[in-house]
Structure formats: C-alpha cells, structure tokens
Amino acid sequence: MASMAAIQHAMINDGCDICFVYQDVRCGLAINAVNSKYTFTAWYGEHTKEYTSFDAAINDLFFYNQSLKTLILHSRIKIEYC
C-alpha cells in the first residue's frame, strides 16, 4: 500500500496521475500545473470535481461518500500510476 506522502510525491514531483476502480467504476485523481500552481481533478465515472490542494482532494467525500484517503488507508482500492 502506498502512503499518502508517496502518492503526493509521485503526483507533484513526477507528474503522475492515479487511477483505480471503486465499486466497479473507474476513478482517479489527476494533477494539473499552470505557472507552478497545482490543481487536482478527481473523477468517478463521468463525475468530476476540481480541488486547489492535494489535501482537499484526498479528504473530500467525493467517491460515493468516501474520501480517497479512507479508501487507500483501508485498502479498498489498488492505486495505479497512470
């Protein structure tokens, strides 16, 4: 299981997005950078939501009333870097 710090590092320093399947739906968190300012886009099926920080993105109850942080810490998903 990847730690939150490892995921954040991979996204910000390596430009990696993460993908996973939750409740048989393809999901993910993408990073965007403009003028050294990072934003994040979470997606769950056809639904998307924008965030201005990594912490906001992982703590929001976006994924069927679950946060990404909870899904990772409780091993409910397998993260893929894409």
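Everything below is about the structure shown above.
**Here we look at the environment of Ile-72**
Right, so step 1: If you trace the backbone, Ile-72 turns up in helix α3 (residues 68-73).
Right, so step 2: Spatially, the C-alpha atom of Ile-72 lies 15 Å from that of Met-11, the residues being 61 residues apart in sequence.

**Some thoughts on the sheet that holds strand β3 (residues 37-44)**
Pairing between the strands of a sheet is mediated by backbone hydrogen bonds and can be parallel or antiparallel.
Right, so step 1: Across the sheet, which stays open at both edges, the five strands sit in the order β4-β3-β2-β1-β5 with antiparallel pairing between neighbours. Of all the strands in the sheet, the pair left with one neighbour each is β4 (47-51) and β5 (80-81).
Right, so step 2: As defined by bridge partners, strand β1 (residues 18-22) adjoins strand β2 (residues 25-34) across five bridges and the pair is classed as antiparallel. Bridging across to β2, Cys-19 finds its partner in Gly-28.

**Things to note about the pairing of β4**
Right, so step 1: Relative to β4, β3 is paired through five bridges, and the arrangement is antiparallel. Note on β4: the bridge partner recorded for Phe-40 is Tyr-51.
Right, so step 2: Following β3, the chain reverses through two residues before pairing antiparallel with β4; Gly-45 in that reversal takes a positive phi of roughly 65°.

**Quick notes on the state of the cysteines**
Right, so step 1: Enumeration over the complete set of coordinates arrives at one disulfide.
Right, so step 2: Take Cys-27: it sits in no disulfide, and the sulfur closest to it among the cysteines is that of Cys-19, at 9.5 Å.
Right, so step 3: With relative accessibility at 0%, the residue Cys-27 sits in the buried group.

Parameters and conventions
Residues numbered from 1 in each chain as written. Predicted model: local features only at pLDDT ≥ 70, side-chain atom pairs only at ≥ 80, totals over all residues. Heavy atoms only, no water. Helix = DSSP H or I, 4+ residues; strand = E, 2+ residues; numbered from the N terminus. Pairing = 2+ DSSP bridges. Disulfide = S-S within 2.5 Å. Buried < 20%, exposed > 50% of the residue type's maximum accessible area, 1.4 Å probe, protein only.

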